[in-house]
Amino acid sequence: MEAKIKAFMDEVKTRNGHEPEFIQAVQEVAETVIPYIAKHKIYNGKNILLRMVEPERLISFRVAWVDDDGDIHVNRGYRIQMNSAIGPYKGGLRFHPTVNASILKFLAFEQVFKNSLTTLPMGGGKGGSDFDPKGKSDDEVMRFCHAFMLELNRHIGPNTDVPAGDIGVGAREIGFLFGMYKKIRNEFTGVLTGKGRSWGGSLIRPEATGYGTVYFAQSMMQTNGMDFKGKDVVISGSGNVAQYAAEKALHLGAKILTLSDSQGYIHDTDGIDEEKLAYVMDLKNNKRGRISEYADKYSSATFYKGETPWTVKCDIALPCATQNELDGEDAKALVKNGCVCVAEGANMPSTPEAIHEFHEGKILFAPGKASNAGGVATSGLEMSQNSLRISWSREEVDQRLKDIMEDIHDSCVKYGKDDDGYCNYVKGANIAGFVKVADAMLAQGVI
Ligand code: NDP
Ligand code: 2IT
């Protein structure tokens, strides 16, 4: 089996040698899915995984725009249409200076499995740009988004490819992108999700990724007779996912100890309560400030510059910032300090070494493609509401989100339970995600 996995990865590396994040994501899937394929005849000899690692289409384009001083800038835009076997391509757009083909291919690949897990009919895609919205005026962001959509519009559509937000793309950017799509195509349609409430957006979509991560973690905890009540929770990030993970964990009676951004983390020994969280939301979403300002406002908090929060003693850890933000040493510290559950709100925040430590320590560990799937699942619910031209209540969307997270949890347990009773959620998520897409690809023939 080792040799089979190595041969497959050698081929992937030959074709994508300069794409470390993509190779990392594929390696994890190959290690769990190739043994499954070997045991299940229908998938043998079909090169099914090799077909899944090759994007159906990779689009790269120039985005030229003018800043407030009249200077011209050029950024690179992308859309990776990875797999459409079970539905239109679906996945976020990331605006961040680190964006490149490797990062977007890893995200698009993960998205295929994640979307399959949601039980909804969505293929996988991802896109974005190396544009950095930080420090830009609203007008500059608008001009960039309009220029980006001027090209992207010809590749997407409500039945073709439906983008959404990710790092650096929130309600403001989705508004500008939607406006330009509507103008060019003269069509008011559900071509993007994460839209504003008054123009086709769904209730609960802003909250969905963070809430879903906590719902998933709660399901995991319940398998061991535990829950969030009274637990110490460490969270990284302070953006969309981190904010609503914190809110839901608070609702369930937990104490939130940390939040972070790319400059460091804050540790509030009294806990981040509802009022303090409202301050964070205003600071990050309206004032576009830095998390260090939290420690200036609240004396119970300290800012640790350039550090990540994983050495803070906790029961539950929710990495909600970015890929590879939690390494093997961090994982060792978490396990040693008694952490019992790690659920990823971000995509691939734990390195392979970290995941190894969590599995060795036999603690509950959920990979992002399972635990952060609530965001895209609720995007799927937004698409349904757009097609039906109706709007469901908060309670209805939240209930559907809860049900989907429970379904995903059940699928992970079905395919991930080891002989000793320990659930390997990585294996479970990869195999469950694979089976649905692979079956559809087999049915549709070699295309
Ligand atoms: P936001 O842009 O709202 O927030 C991102 C947060 O992560 C910020 O606090 C940011 O800090 C921090 N961050 C970004 N890059 C780094 C870095 N290199 N090192 C440390 N911190 C960093 O994005 P989201 O909250 O939407 O996304 C967070 C994660 O969740 C991403 O991995 C994304 O792919 C994933 N995700 C998002 C979904 C969604 O619906 N939005 C759905 C599923 C997954 P700073 O401000 O300093 O950059
Ligand atoms: O990584 C993700 O799942 C997202 N950024 C959300 C994608 C979506 O289409 O809502």
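The text that follows walks through the structure, step by step, so that each part is easy to find. (Residues numbered from 1 in each chain as written. Chains lettered and ligands numbered in written order. Predicted model: local features only at pLDDT ≥ 70, side-chain atom pairs only at ≥ 80, totals over all residues. Heavy atoms only, no water.)

## Details of the site of ligand 2
Lining the immediate environment of ligand 2, one finds 14 residues, of which Lys-90, Lys-114, Lys-126, Asp-166 and Ser-379 sit closest. The separation between an oxygen atom of ligand 2 and a polar side-chain atom of Lys-126 is 2.9 Å. Note that a nitrogen atom of ligand 2 is positioned 3.0 Å from one of the backbone N or O atoms of Gly-165. Coverage of ligand 2 by the protein amounts to 94% of the 300 Å² it exposes when considered alone. Elements with a contribution of two residues or more to the shell around ligand 2: β3 (89–95), α4 (101–117) and α14 (374–388). (Near = heavy atom within 4 Å. Polar contact = N/O pair within 3.5 Å; in protein donor to acceptor, adjacent residues only side chain to side chain. Areas by Shrake-Rupley, 256 points an atom, 1.4 Å probe, with all protein chains shown as cover. Helix = DSSP H or I, 4+ residues; strand = E, 2+ residues; numbered from the N terminus.)

## Regarding the site of ligand 1
Looking at ligand 1, there are 26 residues lining it, with Lys-134, Asp-166, Thr-209, Ser-262 and Arg-290 nearest. Here an oxygen atom of ligand 1 and a backbone polar atom of Ala-321 are 3.4 Å apart. In isolation ligand 1 has 890 Å² of accessible area, and contact with the protein removes 83% of it. For the shell around ligand 1, the elements supplying multiple residues, two or more each, are α7 (205–223), α8 (240–251) and β7 (255–261). Partitioning the shell around ligand 1 into residue classes produces five nonpolar, 13 polar and eight charged. (Nonpolar A, V, L, I, M, F, W, Y, C, P; charged D, E, K, R; others polar.)

## Remarks on α8
With twelve residues, α8 extends 17 Å from end C-alpha to end C-alpha; this agrees with the ideal 16 Å at 1.5 Å per step. Taken across its twelve residues, α8 has ten buried, putting it largely inside the fold. Taken as a whole, α8 has its buried residues at Val-241, Ala-242, Gln-243, Tyr-244, Ala-245, Ala-246, Glu-247, Lys-248, Ala-249 and Leu-250. Once α8 ends, the next one or two residues include Gly-253, with phi positive near 95 degrees. (Expected span 1.5 Å × (residues − 1). Buried < 20%, exposed > 50% of the residue type's maximum accessible area, 1.4 Å probe, protein only.)

## Description of helix α5 (residues 138–152)
An α-helical segment advances 3.6 residues per turn. Residues three or four places apart therefore align on the same side. Under the 1.5 Å per step criterion, the end-to-end length of α5 is 21 Å for 15 residues, consistent within 8% with the ideal 21 Å. Within α5, the full set of buried residues consists of Glu-140, Val-141, Phe-144, Cys-145, Ala-147, Phe-148, Met-149 and Leu-152. Where the residues of α5 are buried, they touch β1 (57–66), β2 (72–83), β3, β4 (124–129), β5 (161–164) and α6 (171–185). (Contact = heavy atoms within 4.5 Å.)

## Some remarks on a negative patch on the surface
Together, Asp-270, Asp-273, Glu-274 and Glu-275 make up a region of like negative charge exposed at the surface. Among the secondary structure elements, Glu-275 is positioned in helix α9 (residues 274–286). (Patch = residues over 30% accessible without salt bridge, like charges linked within 9 Å, V, L, I, M, F, W, Y side chains within 5 Å. Salt bridge = Lys/Arg side-chain N within 4 Å of Asp/Glu carboxyl O. Lys, Arg positive; Asp, Glu negative; His and termini not counted. Charge placed at Lys NZ, Arg CZ, Asp CG, Glu CD.)

## Regarding the sheet that holds strand β8 (residues 264–268)
Paired through their backbone hydrogen bonds, the strands of a sheet run either parallel or antiparallel. On the basis of which strands lie adjacent, the open sheet formed by seven strands has the order β9-β8-β7-β6-β10-β11-β12 and mixed pairing. This sheet does not close on itself; its edge strands, each paired only once, are β9 (301–305) and β12 (364–366). Between one strand axis and the next, the sheet turns through 15 degrees on average, direction left out of account. With three bridges joining them, strand β11 (residues 341–343) and β12 adopt parallel strand pairing. Counted as the bridge partner of Val-342 is Phe-365 from β12. (Pairing = 2+ DSSP bridges. Axes fitted to C-alpha atoms, helices over the stretch in contact; angles between N-to-C directions.)

## With respect to the side chain of Lys-284
Looking at the element boundaries, Lys-284 is found in helix α9. Within the local environment of Lys-284, its side chain forms a polar contact with the side chain of Asp-261, the two groups lying 3.4 Å apart. Leaving out residues up to four positions away in the same chain, Lys-284 has contacts with Ser-238, Gln-243, Asp-261, Gly-289, Arg-290 and Ile-291.

## A word on unusual backbone geometry
Leaving glycine aside, a negative phi is the common case for residues, and trans is the common case for peptide bonds. A positive phi angle is found at Thr-119, which is not glycine, with a value near 75 degrees. Checked against the element boundaries, Thr-119 lands in the loop between α4 and β4. Residue classification places Thr-119 among the partly exposed positions, given a relative accessible area of 43%. Despite not being glycine, Lys-362 shows a phi value in the positive range, around 55 degrees.

## Structural notes on the packing of aromatic side chains
With the rule as written, the count across this model stands at 23 aromatic pairs. When the ring of Tyr-36 is compared with that of Tyr-415, the centres are 6.1 Å apart and the planes differ by 80 degrees; the resulting orientation is edge-to-face. Here Tyr-36, found in helix α2 (residues 20–39), pairs with Tyr-415, found in helix α15 (residues 394–416); they are 379 residues apart in sequence, far enough to count as distant. Between Phe-144 and Phe-148, the aromatic rings sit 5.9 Å apart at their centres with planes inclined by 35 degrees, giving tilted as the arrangement. In this pair, Phe-144 and Phe-148 both sit in helix α5, four residues apart, roughly one turn of the helix. (Phe/Tyr/Trp six-rings, centres within 6.5 Å; stacked < 30°, edge-to-face > 60°.)

## Some thoughts on the nonpolar core
General note: in soluble globular proteins, nonpolar side chains tend to be found buried as a group. Phe-216, Phe-228, Ile-235, Leu-318 and Ile-408 are the most contacted members of the largest nonpolar core, which totals 60 residues. Of all the elements, α7 adds the most residues to this core, at eight residues. If sequence neighbours within four positions are ignored, Phe-228 has contacts with Val-214, Ala-217, Gln-218, Met-221, Val-233, Ala-249, Leu-252, Gly-253, Ala-254 and Ile-316. Listed in part, the 43 residues of the second largest apolar core include Ile-5, Val-53, Tyr-78 and Ala-438. (Core = buried A, V, L, I, M, F, W, Y, C linked by side-chain atoms within 4.5 Å.)

## Thoughts on the environment of Trp-392
Along the polypeptide, Trp-392 turns up in the loop between α14 and α15. Discounting chain neighbours no more than four positions away, the residues touching Trp-392 are Leu-203, Leu-381, Ser-384, Gln-385, Val-397 and Arg-400.

## Some points on the state of the cysteines
Considering all chains together, one arrives at zero disulfides under this definition. In this structure Cys-314 is a free cysteine whose sulfur lies 4.2 Å from that of Cys-339, the closest cysteine sulfur available. With no disulfide of its own, Cys-412 lies closest to Cys-423 among cysteine sulfurs, the gap being 6.6 Å. Residue class for Cys-412 comes out buried when judged on its relative accessible area of 0%. (Disulfide = S-S within 2.5 Å.)

## Focus: the environment of Asp-410
Positionally, Asp-410 belongs in helix α15. Considered as a pair, Asp-410 and Val-141 are 269 residues apart in the sequence and their alpha carbons are 41 Å apart.

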